[in-house]
Every structure is written in structure tokens, then in C-alpha cells.
Amino acid sequence: EPLVVASGFYMLCWCGPAIKRTHPDMELDVPYVEGGFVDICPLLRPDDGQGFLAPAGRLRVTGPDYRPTQACKIGLECTVADVTGEGVQGGDRVAVLRACG
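Nothing here was measured: the structure is a model prediction, and the numbers come from that model.

Draft legend 1. Broad picture of the environment of Thr84. The topology assignment puts Thr84 in the loop between β3 (63-64) and β4 (85-86). Of the residues examined, Thr84 reaches a relative accessible area of 46% and is grouped as partly exposed. Taking the C-alpha atoms as reference, Thr84 lies 9.4 Å from Arg67; in sequence the two are 17 residues apart. With residues near it in sequence (within four places) discarded, Thr84 still touches Pro64 and Asp65.

Draft legend 2. Inspection of the side chain of Ser7 at higher detail. As for its position among the elements, Ser7 is in the segment before β1 (8-14). Of note is the side chain of Ser7, whose polar atom sits 3.5 Å from the backbone oxygen of Gly63. Among the polar contacts listed, one links the side chain of Ser7 to the backbone nitrogen of Glu86, at a separation of 3.3 Å. Ser7 has contacts with Val61, Thr62, Gly63, Asp65, Gly85 and Glu86, leaving out every residue within four places of it along the chain.

What counts, and at which threshold
Residues numbered from 1 in each chain as written. Predicted model: local features only at pLDDT ≥ 70, side-chain atom pairs only at ≥ 80, totals over all residues. Heavy atoms only, no water. Helix = DSSP H or I, 4+ residues; strand = E, 2+ residues; numbered from the N terminus. Buried < 20%, exposed > 50% of the residue type's maximum accessible area, 1.4 Å probe, protein only. Contact = heavy atoms within 4.5 Å. Polar contact = N/O pair within 3.5 Å; in protein donor to acceptor, adjacent residues only side chain to side chain.

Functional significance is not addressed by these values, which are geometric in nature.
Given below as C-alpha cells:
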């Protein structure tokens, strides 16, 4: 299912399993299940971002900003003006389709 977001820059944040440490530290101090535990990262990011602590990069979403329905009359020229967004340039085009793709 496509993710629909506004254009712009977003942080990519990584969530990994918990690390169980032994005392004294041992060579195998890594995430594991037997004798320890692994925190499962949630499928959906909680609103507070809990668990997604490590920066993993940036994502730039380009394209026009969402705008409400544009009404046009049959048989008359229809102009879509003042289109804004990330990376939008003069000469870009839109197509009238029932579904994108």
C-alpha cells in the first residue's frame, strides 16, 4: 500500500533489537533470544518515536503539494495554476487519470 506524505525532507530513524550485556563483558554481547530478550521494533512508528533512536539518513520526497479537487467544465480549457511543492519546476506536467501509475 503506498504511503502518501507531503513533499519535503524527512529523517530516516532506525530501530534495532535490544542488547543484553553480561558482567563481566563477554565476546557474545549481542542481541539474542536464548537466555535473554529481544525488543521487537513496532511495525508502525509510535507518535513519540520510541525505539527509533538512531539516525539512518534523510529522505527527500519530491513532487507537487497535495491540493483539493480542481473543478473544470467540459469543453472549456482548464488551467491548474500556482502549483507548489518540492522539486517542482516550470515545464512539469500533470495527466488526468482515474488512478496514478
